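# Architecture at a glance
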Amino acid sequence: MAMETGISEERIWTAALVVIGDEILSGRTQDKNVAQLASWLNVQGIRLTEVRVVADRTAAIVEAVNTLRARNDYLFTTGGIGPTHDDITVDAIAAAFDVAVVHHPDALAGLEQYYATRGGLTEARARMARVPEGAGLIENRVSGAPGIRLANVFIMAGVPHITAGMLDSLTGTLEGGRPVVSKSIGGWIAESEVADLLRDAERSHLGVSIGSYPFFRDGRVGANFVVRSPSEEQVDACLADLTRSLEDSGREVIAGGI
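### Some thoughts on the nonpolar core
Grouped burial of nonpolar side chains is what soluble globular proteins tend to show. Judged by nonpolar contacts, the single largest core of 44 residues is most densely connected at Trp40, Ile61, Tyr74 and Phe76. When residues of this core are traced back to their parent elements, those giving at least two are β1 (14–20), α2 (33–44), α3 (58–70), β3 (74–78), α4 (89–97), β7 (147–150), β8 (153–156) and α7 (160–170). Once you skip the residues sitting within four places of it in the chain, tryptophan 40 turns out to touch Phe76, Leu167, Asp168, Leu170, Thr171, Leu174 and Arg228. Core analysis: the next-biggest nonpolar cluster, separate from the first, contains 16 residues, Ile189, Val194, Val227 and Cys238 among them.

Written out as structure tokens, the structure reads:
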């Protein structure tokens with residue numbers, strides 16, 4: 001009996017991104033989610049192979065979603081899941097899958113809780129609980145509206161720091177990805193003032209990504225920084241360098257985050 005020789009190539013898992021929004025195509029808004037998703041996927045061990053930017057038109061979204069989800073392991077979309085009438089992403093993806101749109105009970109409950117002290121759950125806000133039938137939710141700790149998962153499609157917000165929170169909840173959960181170590185630091189630090197330090201720390205540690213999550217609490221601005229990598233040694237080294245840089249700039253750093 002003949003024996004096979006040679007080493008089989010490791011399976012490469014792929015993802016694509018559809019960026020949805022007239023404001024991106026018009027130039028009014030600059031997209032930041034391509035770089036953010038690419039960095040996050042690299043740490044997961046998944047390759048971002050293609051990106052398409054489409055207008056807020058149902059036919060364009062349906063065509064892009066059905067094309068890219070068929071030839072990639074995963075498809076992410078950003079944009080168009082807000083509370084206004086022109087947020088049509090959910091309806092378009094439901095059309096792509098040929099399913100109805102329903103209100104997800106867990107999404108409604110989460111929105112009711114989030115808006116209980118923010119003016120209540122209006123009809124417009126309840127739109128953010130609409131999902132294609134059969135879909136699950138992606139946790140969003142930043143604002144009340146969750147992301148959505150349907151088969152291999154992940155439907156996410158267009159606002160980068162909200163997208164970051166959704167990606168954080170997906171870290172280490174995708175099949176084909178590597179196990180990921182994640183550790184945090186935080187402080188009463190304005191994210192915009194330390195953007196260069198964060199970028200330098202990420203660039204100097206290959207295979208590491210840094211997520212930045214700003215917040216406003218007790219009348220003060222702060223941020224937590226999450227460092228991720230398949231290597232705990234790399235995470236610890238990056239955290240040590242970032243902590244040192246922040247402290248050298250006169251800022252107090254809290255291990256584990258705030």
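### Considerations on the pairing of β8
The two faces of β8 match: Val153 and Ile155 on one face and Phe154 and Met156 on the other face are all buried. Note: β3 against β8, four bridges, orientation parallel. Among the inter-strand pairings, leucine 75 is bridged to a residue of β8, identified as valine 153. Here three bridges tie β7 to β8, and the two strands are oriented antiparallel to one another. The residue bridging arginine 149 from the neighbouring strand is phenylalanine 154, located in β8. Once β7 ends, the chain turns through two residues before running back antiparallel as β8, passing alanine 151 with a positive phi of about 55°.

### Some remarks on unusual backbone geometry
With a phi close to 60°, aspartate 98 is a non-glycine residue in the positive phi region. Among the secondary structure elements, aspartate 98 is positioned in the loop between α4 and β4 (101–103). The class of aspartate 98 is exposed, set by a relative accessible area of 71%.

### With respect to the packing of aromatic side chains
Applying the stated criterion across every chain yields a total of six aromatic pairs. Ring geometry for phenylalanine 76 against phenylalanine 154: centres 4.9 Å apart, planes inclined by 15°, an arrangement best described as stacked. Of this pair, phenylalanine 76 sits in strand β3 while phenylalanine 154 sits in strand β8, placing them 78 residues apart in sequence. Across this residue pair, the class does not change: phenylalanine 76 and phenylalanine 154 are buried. Note on tyrosine 114 and tyrosine 115: the rings are 5.0 Å apart at their centroids and 90° apart in plane angle, and the pair reads as edge-to-face. Note on tyrosine 114: relative accessible area 23%, which makes it partly exposed. Site record: aromatic cluster; members linked through ring pairs are Trp13, Trp40, Tyr74, Phe76 and Phe154.

### Focus on the sheet that holds strand β6 (residues 136–138)
Overall, mixed pairing links the six strands, which are arranged β2-β1-β3-β8-β7-β6 in an open sheet. Two strands close off the open sheet at either side, each with one partner strand: β2 (47–54) and β6. Direction aside, neighbouring strands of the sheet carry axes that sit 20° apart on average. In this sheet, β2 lies alongside β1 in parallel orientation, the contact comprising seven bridges. By the bridge assignment for β2, alanine 16 is matched with glutamate 50. α3 rests against β1, β2, β3 and β8 of the sheet, and its axis sits at about 165° to β2. Each of β1, β3, β7 and β8 is contacted by α4, which is oriented at about 165° to β8, the strand it contacts most.

### Some thoughts on the environment of isoleucine 93
With respect to the helices and strands, the residue isoleucine 93 is situated in helix α4. The sequence separation of isoleucine 93 and glycine 21 amounts to 72 residues, and the corresponding C-alpha distance is 14 Å. Apart from the residues within four sequence positions on either side, isoleucine 93 is in contact with Ile61, Val65, Thr77, Pro132, Val153 and Ile155.

Parameters at a glance
- Residues numbered from 1 in each chain as written.
- Predicted model: local features only at pLDDT ≥ 70, side-chain atom pairs only at ≥ 80, totals over all residues.
- Heavy atoms only, no water.
- Core = buried A, V, L, I, M, F, W, Y, C linked by side-chain atoms within 4.5 Å.
- Buried < 20%, exposed > 50% of the residue type's maximum accessible area, 1.4 Å probe, protein only.
- Helix = DSSP H or I, 4+ residues; strand = E, 2+ residues; numbered from the N terminus.
- Contact = heavy atoms within 4.5 Å.
- Pairing = 2+ DSSP bridges.
- Phe/Tyr/Trp six-rings, centres within 6.5 Å; stacked < 30°, edge-to-face > 60°.
- Axes fitted to C-alpha atoms, helices over the stretch in contact; angles between N-to-C directions.

Keep in mind these values describe shape, not function.
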